[in-house]
Amino acid sequence: MNVSDAIKSRMTVRQFLDKPVPLETLREILEISKRAPSGGNLQPWTVHVVTGEALKSLIRDVEDKLKRGVNEEPEYNVYPPDLIEPYRTRRRIVGQQLYDLIGVPRSDTPGKLKQLARNFRFFDAPVGLFFVLHRQMEIGQYADVGMFMENIMLLAREYGLDTCPQEAWARWPQTLKSHLSLSDDEILFCGMALGYRDEEAVINELVSERESFENFVTLHGF
Ligand SMILES: Cc1cc2nc3c(=O)[nH]c(=O)nc-3n(C[C@H](O)[C@H](O)[C@H](O)COP(=O)(O)O)c2cc1C
């Protein structure tokens, strides 16, 4: 698979098969992905790879907290509180497309929450990844971790795997601190589900939109 094919075939998968991913495959993906660039070669990422009983225990814990109406205070704003246009509309459109696809009506708030909660089962993926930084880090280092994550998502395609990056996990900082034994100096940035795509699942048919070249590129000096 060449890079273009990996980029074009990567999509956010929200239903995975119950099929384990060998540790050797995960090791190879992470070993290659660590070649991601980072400002000053800080390599500001650490990654926790969770599967088996550890994954089940985390899922059970969050499920139980959701049932009891327990919430945690996120440690950072995933989105700006008052998202401006055109970003607000882009976010609304992709959400609407997703709910239309799976037949959840606009007014069905419990249905939407149920789908959101699927994040906390990793959409049935056998592996969950968590990306963690030192709290000292600044915006640039978060971008570095994003590049590391993109390497993983693209390489996953080469191994016949798919992913869902999951900022939704930022809603559970204390729970993850406990399950992953994070120190006070560490902050959870993002989760990621990884596994084999369920080709039959309607939810995986979503093809998100992108702006046209003219709408995001400014040419100078051509
Ligand atoms: C950092 C990051 C966090 C994301 N968090 C979530 C998430 O918590 N749950 C989810 O279903 N999708 C999540 N997504 C997926 C985006 O919704 C998706 O990338 C976007 O709609 C574009 O679709 P595509 O990835 O299929 O091209 C996240 C994506 C990124 C890059």
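Quantities reported herein were computed from a predicted structural model and do not represent experimental measurements.

What counts and what doesn't
Residues numbered from 1 in each chain as written. Predicted model: local features only at pLDDT ≥ 70, side-chain atom pairs only at ≥ 80, totals over all residues. Heavy atoms only, no water. Helix = DSSP H or I, 4+ residues; strand = E, 2+ residues; numbered from the N terminus. Rg over C-alpha atoms; globule rule 2.2 N^0.38 Å. Buried < 20%, exposed > 50% of the residue type's maximum accessible area, 1.4 Å probe, protein only. Contact = heavy atoms within 4.5 Å. Areas by Shrake-Rupley, 256 points an atom, 1.4 Å probe, with all protein chains shown as cover. Lys, Arg positive; Asp, Glu negative; His and termini not counted. Charge placed at Lys NZ, Arg CZ, Asp CG, Glu CD.

Quick look at the overall build of the protein
Then step 1. Along the backbone of the protein there are eight helices and four strands.
Then step 2. Traced from its N-terminal end to its C-terminal end, the protein shows the element sequence α-α-β-α-α-α-β-α-β-α-β-α.
Then step 3. Computed over the C-alpha atoms, the radius of gyration of the protein is 18 Å, within 12% of the 17 Å expected from 2.2 N^0.38 for a compact globule of 222 residues.
Then step 4. For the protein, the C-alpha atoms occupy an extent of roughly 60 × 45 × 35 Å along the three principal directions.
Then step 5. The burial tally for the protein puts 39% of its 222 residues in the buried class.
Then step 6. Sequence separation of 24 or more characterises 85% of the internal contacts of the protein that already satisfy a separation of 6 or more.
Then step 7. Of the accessible surface of the protein, which amounts to about 13200 Å², a share of 53% is contributed by carbon and sulfur atoms.
Then step 8. Computing the positive centroid from 27 side-chain charges and the negative centroid from 33, the protein places the two 3 Å apart.

A word on unusual backbone geometry
Then step 1. Cis geometry is adopted by the peptide bond preceding Pro86, which originates at Glu85 and carries an omega value of 5 degrees.
Then step 2. Within the element layout of this structure, Pro86 appears in the loop between α3 (52-67) and α4 (87-101).
Then step 3. The backbone of Gln43 shows a phi angle near 45 degrees, a positive value even though the residue is not glycine.
Then step 4. Tracing the backbone shows Gln43 in the loop between α2 (23-33) and β1 (46-50).
Then step 5. A residue is classified by how much of its surface remains accessible, and Gln43, at 39% relative accessible area, is partly exposed.

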